[in-house]
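Below are the chains, spelled out letter by letter.
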Amino acid sequence: MLGIDTGSYALKFCLSEAQGEDFALRRVGEFVLLSEKAPLTSEGIRLFFQRNRLPREVTLSFSHPRMVFQRVSLPEMSQEELENTLQWEARSLIPDEENFQVSWSIVGKNGGKMEVLFAAVPLQEVERYVDVFSRAGVRVEAVEPHVTSLVKGFLGLHPEFFEQAFTLVDIGFEKTTLICFANHHVLLSRSFGWGMKRLWDALSEEFHLSPVEAFEVLRRGEGTAGIPYQLEEAISLTSPDLVSELKRSFAFFQAEFGARVLEQVFLLGGGALCRPLRRHIVQGLSLDFQTPRPLTLGKDSIASERFLAALGASLWK
């Protein structure tokens, strides 16, 4: 299946093929959306698929500013009753909306009660995005929450962690998402509005760089030498807010689920590949972040941090 992570700065894709309990990666790549190219258009998607000779059936990993990912305690009920109940829960969390796409996982049952982790996004937002792909001649087989895709992609590379507790920290372009996993389930996920766009904006405002120049500076931050001074200064200006939010989140996770969920913490997303930003985070938190296994494509080894949600979407069945 071709999985696409519908990020705000790029579409990341992975094409994988099931091989028993494992998978083989066939293709991986991205379609960068600089600000001059936004918004995403059907013609842009059509040309991208044509040039890369990609299959026309996809699963989308989807996120949206009005998407909620919430844990609730409810009486035990049927699947139909549960979907109706979660629709009502979504309406209470996202005002002025009537219809939602919801997905859920029951993470525990006890004494006639059940703990449910659910995601909800306004249905019209999903339909609008699917329509862009449909008009490009691409059939969307499924749409799943970004958090779900991210965990599936991570466990696809690290199946042994299904029996363990861990925390994922995904620093994307618009936001950072934290996911706490234990007992074979996502226990909690939260997001806050610090993303690599903060660095992008600082490079534009402080150094008057164009979007293309800012993009190049960020890319150079992934190298081992010649880190641009503008990037170092932008990180010094903006990273304290990120470190403060991470400290607050980790303190909550530890109080809620115990220290074990912080024994294995993985840094993901574009932020994980920015070496000076990673250094600031490690120094600010005094925490040893782990690195996920790379993707293997033939003889090539590819850093997986940016592609885990696309990989997870490609493993949809």
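As a starting point, this report considers the structure included with it. (Residues numbered from 1 in each chain as written. Predicted model: local features only at pLDDT ≥ 70, side-chain atom pairs only at ≥ 80, totals over all residues. Heavy atoms only, no water.)

1. What about unusual backbone geometry?
Backbone geometry places H184, a non-glycine residue, at a positive phi of 70°. Structurally, the position occupied by H184 is in the loop between β10 (176-182) and β11 (185-192). With a phi angle near 55°, H208 is a residue other than glycine that sits in the positive phi range. According to the relative accessible area criterion, H208 is exposed, its value standing at 65%. (Helix = DSSP H or I, 4+ residues; strand = E, 2+ residues; numbered from the N terminus. Buried < 20%, exposed > 50% of the residue type's maximum accessible area, 1.4 Å probe, protein only.)

2. Observations regarding empty space enclosed by the protein
The full count for this structure, using the stated rule, is one cavity of 30 Å³ or more. One number sums up the size of the largest cavity: a volume of about 60 Å³. As for the largest cavity, its lining consists of F62, M67, Q101, V102, S103, A119, A120, V121, V126, V143, E144 and P145. Considering only residue class, the lining of the largest cavity consists of nine nonpolar, two polar and one charged. (1 Å grid on protein atoms, 1.4 Å probe; cavity = no way out; pocket = protein on both sides within 12 Å on 5 of 7 lines; lining within 4 Å. Points joined across faces, edges and corners; volume = space filled by probe spheres on them. Nonpolar A, V, L, I, M, F, W, Y, C, P; charged D, E, K, R; others polar.)

3. Looking at the nonpolar core
Counting 43 residues, the largest nonpolar core has V169, M196, L199, L246, F250, L277 and I281 as its most contacted members. Among the elements that take part in this core, helix α7 (residues 229-257) stands out by supplying nine residues, more than any other. In this view, L199 contacts W194, L218, L231, A234, I235, T238 and L277; residues no more than four positions away in its chain are not counted. Core analysis: the second largest hydrophobic core is formed by 28 residues, V28, V107, V151 and L308 among them. (Core = buried A, V, L, I, M, F, W, Y, C linked by side-chain atoms within 4.5 Å. Contact = heavy atoms within 4.5 Å.)

4. Description of helix α6 (residues 211-220)
Every buried residue of α6 is listed here: A214, F215, V217 and L218. Down the axis of α6, the smallest arc covering the buried residues is 160°, so these residues share one side. Turning to α6, the residues buried within the fold contact β3 (22-32), α5 (197-207) and α7. (Arc of directions from axis to C-beta.)

5. Side note on the sheet that holds β3
Taken together, the five strands give an open sheet; going across it, the order is β3-β2-β1-β4-β8, and neighbouring strands pair in mixed fashion. Edge strands, defined here as strands with exactly one partner in the open sheet, are β3 and β8 (139-145). Sheet twist, expressed as the average angle between the axes of neighbouring strands with direction ignored, equals 25°. Of the strand pairs in this sheet, strand β2 (residues 10-19) and β3 are connected by ten bridges, and their pairing is antiparallel. Directly across from Q19, in β3, lies its bridge partner D22. Lying over the sheet, helix α1 (residues 42-52) contacts β1 (2-6), β2, β3 and β4 (57-62), oriented at roughly 130° with respect to β3. (Pairing = 2+ DSSP bridges. Axes fitted to C-alpha atoms, helices over the stretch in contact; angles between N-to-C directions.)

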